[in-house]
Amino acid sequence: MSVSGGERGGARTRLAVRRTVGVLAGCLTAPVGLLYLLFAGVPLGAFLLWPRTRLYALGVFGSGARRLVEVERRRRTCFFGDRFPETYGGEGVVRYLAVRSWSGLMCGVVLALLGFGLVLAGLLAGGVVRGTIGTAELLTQLVLGGVLLFLGLQGLFALTALDARLARECFGPSERELLRRRIDELSVSRAAVVRAVDVERRRIERDLHDGVQQRLVALAMLIGRARRGGGRDPERAAELLGQAHREAQEVLAELREVAWRVYPSALDSLGLEEALGGVAQRCGLPLRIAYEVAGPLPRPVVTAAYFVVSEAVTNAAKHSAASAVSVRVEGPPGGPLIVRIEDDGRGGADPAGSGLTGLRGRVCALDGVLRIDSPLGGPTTIVAELPCV
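Residues numbered from 1 in each chain as written. Predicted model: local features only at pLDDT ≥ 70, side-chain atom pairs only at ≥ 80, totals over all residues. Heavy atoms only, no water.

(A) Broad picture of the overall build of the protein chain. In terms of helices and strands, the protein chain carries 10 helices and five strands. The buried share of the protein chain, reckoned over its 389 residues, is 33%. Taking all contacts inside the protein chain whose residues are at least 6 apart in sequence as the whole, residues at least 24 apart take part in 69%. Carbon and sulfur atoms make up 63% of the accessible area of the protein chain, which amounts to about 23,800 Å² in all. (Helix = DSSP H or I, 4+ residues; strand = E, 2+ residues; numbered from the N terminus. Buried < 20%, exposed > 50% of the residue type's maximum accessible area, 1.4 Å probe, protein only. Contact = heavy atoms within 4.5 Å. Areas by Shrake-Rupley, 256 points an atom, 1.4 Å probe, with all protein chains shown as cover.)

(B) Representation of a nonpolar patch on the surface. Taken together, the side chains of Leu 34, Leu 35, Leu 38, Phe 39 and Leu 105 make up a nonpolar region of the molecular surface, amounting to roughly 460 Å² of accessible area. A total of four residues in the nonpolar patch trace back to one element, the largest contributor, which is helix H1 (residues 2-49). Among the secondary structure elements, Phe 39 is positioned in helix H1. For Phe 39, a relative accessible area of 64% translates into the label exposed. (Patch = residues over 30% accessible without salt bridge, like charges linked within 9 Å, V, L, I, M, F, W, Y side chains within 5 Å. Salt bridge = Lys/Arg side-chain N within 4 Å of Asp/Glu carboxyl O.)

(C) Quick look at the sheet that holds strand E2 (residues 325-330). Overall, mixed pairing links the five strands, which are arranged E1-E2-E3-E5-E4 in an open sheet. The open sheet has two edge strands with one neighbour each: strand E1 (287-292) and strand E4 (369-373). Strand after strand, the sheet turns through a mean of 10° between neighbouring axes, direction not considered. As defined by bridge partners, E2 adjoins strand E3 (residues 337-343) across six bridges and the pair is classed as antiparallel. Counterpart to Glu 330 in the pairing with E3 is Ile 338. (Pairing = 2+ DSSP bridges. Axes fitted to C-alpha atoms, helices over the stretch in contact; angles between N-to-C directions.)

(D) The nonpolar core, seen in detail. If you look at the biggest cluster of nonpolar residues, it comprises 36 residues, and the most contacted ones within it are Leu 272, Tyr 306, Val 313, Leu 337, Val 339 and Ile 341. If you list the elements that add at least two residues to this core, you get helix H8 (272-282), helix H9 (299-319), E2, E3, helix H10 (354-364) and strand E5 (380-386). It is H9 that provides the largest number of residues to this core, a total of 11 residues. In this structure, Tyr 36, Leu 44, Val 69 and Val 93 belong to the second largest nonpolar core, which totals 17 residues. (Core = buried A, V, L, I, M, F, W, Y, C linked by side-chain atoms within 4.5 Å.)

(E) View of the packing of helix H2 (residues 51-80) against helix H4 (residues 135-171). Relative orientation of the contacting elements H2 and H4 amounts to 115°, with a least axis distance of 11 Å. In terms of crossing hand, the pair formed by H2 and H4 is left-handed. Listed contacts from H4 to Val 69, Arg 73, Arg 75 and Arg 76 of H2 are Asp 163, Ala 164, Ala 167, Cys 170 and Phe 171. Residue classes in the contact of H2 with H4 are distributed as five nonpolar, no polar and four charged. (Left-handed = near helix turned anticlockwise from the far one by under 90°. Nonpolar A, V, L, I, M, F, W, Y, C, P; charged D, E, K, R; others polar.)

(F) Representation of the pairing of E3. On E3, burial follows the alternation: Leu 337, Val 339, Ile 341 and Asp 343 on one face are buried, whereas Ile 338, Arg 340 and Glu 342 on the facing-out side are not. Linking two consecutive strands that pair antiparallel, namely E2 and E3, is a turn of six residues; a positive phi of about 85° is found at Gly 334 within it. Strand direction decides the pairing type here: E3 and E5, joined by seven bridges, are antiparallel. Across the sheet, Val 339 pairs through a bridge with Ala 384, a residue of E5.

(G) Local environment of the side chain of Ser 103. Mapped onto the elements of the fold, Ser 103 is located in helix H3 (residues 93-130). Polar side-chain contacts of Ser 103 include one of 3.0 Å to the backbone oxygen of Arg 100. When neighbours within four sequence positions are excluded, Ser 103 is seen to be in contact with Leu 159, Leu 162 and Leu 166. (Polar contact = N/O pair within 3.5 Å; in protein donor to acceptor, adjacent residues only side chain to side chain.)

Structure representation (structure tokens):
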């Protein structure tokens, strides 16, 4: 434990040193940008005003500005670990260079003042040791130094935050791009939910047609044969009625199973834990469930979690040749609901299959994440993260 704590402390120290070097490097690159804006922008000003040379002048000026801005992008990536797209808009490059040069110079000024304050603090400490500074003067210097130190640190933090925000605005996706991506994600998730609902409806129709309907036809035929032969052969009629009774019980069991797949009533009356217990009872494999959830869950999250477990367990029983399945559900307070299903089958599950695609659509509709790990030879692990906000 002490080794890992030391490693974490060393990593934090290295991160702080790297970011400090990044701030100092930004203070050195800021004057270069300012000099470029002055010595390149001023001579090109007349050409920028003349319509016939404006485009050419803008191209020349923007090309140099882009090279300097690229240095800033690499500085943010190298020292701060920021990850930006390789391409970024050109219209904000000059604006970024201007504001970044100003903020970098201000950051250098603040650092210089802090360094000067350290020198004064050293002189003050030397005066105290020599006894040349009285108590009243010492207290006054300490109060003033503390106030200036606080203002300097606050200014430094504000300027570094401004540097990060400017980089995100220039190099990262714009607000319009983020909104467009969000709209595309919602459109994809909505289409996936619609497809999943259609697939589920077709499966229910198939279960009703091939299962319940056929059994009801057989039940009607048994009752009809018992009615026609009841007067001539009472024993045969009693036997047919017994078969009809058993068939009716099997029809009810299958109909109950279909109803559970549509929506289990236990979710509303008993909650997610009891509904998952029903999945374990109907599962053809040994199913171990660990339920560690503190507090109530939103209704959409409960429904999605149930169907993720139900579908994953059904797939494991039908296709994976597994001998056991384990389910772990853990969640709030404060975090997402984590649903983890693992079986010891042969693996090779296709994430693009209809069943898993439907689950992914259901999870993504709640802004959740579904991860599937199913290498050949197994095991298969499905993890769903469902936000509870």
